[in-house]
Amino acid sequence: MFEALSGKLNGVFDRLRRRGALTEADVAEASREVRIALLEADVALPVVKDIVSKVRERAVGANVIKSVSPAQQVIKIVNDCLVEALGGGEGVEQAPPGISLQAASPVPILMIGLQGSGKTTTSGKIALRLRTRDKKKVLLASLDVHRPAAQLQLETLAKQAGVASLPIVAGQTPLQIAARAMEVARGELYDVVILDTAGRLSIDEALMDEVAAVKAATRPHESLLVVDAMTGQDAVQTARAFNERVGITGIVMTRVDGDARGGAALSMRAVTGAPIKLLGAGEKLEALEDFHPDRIASRILG
Ligand code: GDP
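Calculation rules
Residues numbered from 1 in each chain as written. Predicted model: local features only at pLDDT ≥ 70, side-chain atom pairs only at ≥ 80, totals over all residues. Heavy atoms only, no water. Buried < 20%, exposed > 50% of the residue type's maximum accessible area, 1.4 Å probe, protein only. Helix = DSSP H or I, 4+ residues; strand = E, 2+ residues; numbered from the N terminus. Pairing = 2+ DSSP bridges. Right-handed = clockwise from strand over helix to strand, strands pointing away. Arc of directions from axis to C-beta. Contact = heavy atoms within 4.5 Å. Near = heavy atom within 4 Å. Polar contact = N/O pair within 3.5 Å; in protein donor to acceptor, adjacent residues only side chain to side chain. Areas by Shrake-Rupley, 256 points an atom, 1.4 Å probe, with all protein chains shown as cover. Nonpolar A, V, L, I, M, F, W, Y, C, P; charged D, E, K, R; others polar.

### What about the pairing of strand β7 (residues 276–280)?
Most of β7 sits inside the fold, with 5 of its 5 residues counted as buried. Here strand β6 (residues 250–254) pairs with β7 via 3 bridges, running parallel. Counted as the bridge partner of M253 is L279 from β7. For the crossover from β6 across helix α10 (residues 263–272) to β7, the handedness is right-handed. Two elements, β7 and strand β8 (residues 288–290), share 3 bridges in a ladder whose sense is antiparallel. Looking across to β8, one finds that L278 is bridged to D290.

This is the structure we're talking about:
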């Protein structure tokens, strides 16, 4: 992720470093180039404007042209602004990376997203991680009654992840399946229940109503929206719509392994207000990463 943006920004910084001493015009030129690089990376326009104006403001405030290593200062300022756009930074209250389990067992986690976003795969990835890393007893349940293969797909993933899946009972509604999952989890002392809701090809009222009803009934500790990073600004709009209508506690961005631009990641926090918590970086169940704004910014500035 971010290869293209990283290349462009490093080009800007190399030119600044070669100059040694900087003039105000050099700094203005660099911030114009940063702006173009961010736009080409498909970062949302308001976010680009915000980053660039912060860079300029801080460069003036820090009096970079008079400093000992002006290029280094500009790079640090851009880095800090990227960290902030990604949801981090000093003085910003940070939830710990990854998902939170700070609730009474069984902890319900609701998985939400459009069809094909990687929701079911991500449910399997989270289950595997909770079992192996956090030593949790995990139950996976598919509430997708619209796609007959969905429940079987989750069952297969559960086997691969070495966790249990809720036995499939034909004819139940999503709410009935969710209630049964919670009952089984309480009776059999599961630590976490991952509820994988149905997706649709696009956002529609029926999908929103169904997800909202399941959320109201199960009162999940985390409501994680799964979005495909490769869909760029569409992913950002999807997140905004789900957050406004259903309310989400965090975002998982998938297919970052195929996304060279990274615009969605940089826009997500500012546009939706919701934090990115995890990244999916491949089809394998092990390909799940915690999202650290500072590490991602360092990756961009490589
Ligand atoms: P759902 O409809 O949202 O449940 O989507 P699926 O979980 O079935 O995923 C759709 C496809 O995307 C599958 O072929 C997955 O293997 C693939 N996929 C999911 N996450 C990732 C990821 O992080 N990277 C890549 N490259 N593929 C992924």
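### Comments concerning helix α6 (residues 148–161)
Listed in full, the buried residues belonging to α6 are A150, Q151, L154, L157, A158 and A161. For α6, the buried positions fall inside an angular range of 120 degrees around the axis, keeping them on one side. Exposed residues pointing more than 90 degrees away from the buried face of α6 are listed as P148, L152, K159 and Q160. Packing partners of the buried residues in α6 comprise α5 (119–132), β2 (138–142), β3 (164–165), α7 (174–187) and β4 (192–196). Looking one or two places after α6, you find G162, whose phi comes out positive at around 70 degrees.

### Thoughts on the sheet that holds β7
Spatial strand order, β3-β2-β4-β1-β5-β6-β7-β8: 8 strands in an open sheet with mixed pairing. With one partner strand each, in any of the chains shown, β3 and β8 form the two edges of the open sheet. Bridging between strand β5 (residues 222–228) and β6 involves 5 bridges; their strand directions are parallel. Its bridge partner being in β6, D228 is matched across the sheet by T254.

### Here's the deal with the site of the ligand
Lining the immediate environment of the ligand, one finds 17 residues, of which G116, T120, T121, R255 and D257 sit closest. Between the ligand and the protein, one listed contact pairs an oxygen atom with a side-chain N or O atom of Q153 at 3.0 Å. In isolation the ligand exposes 580 Å². Once the protein is present, 81% of that is buried. The dominant element in the shell around the ligand, judged by the number of residues it contributes, is α5, at 4 residues. Counted by class, the shell around the ligand contains 2 nonpolar, 10 polar and 5 charged residues.

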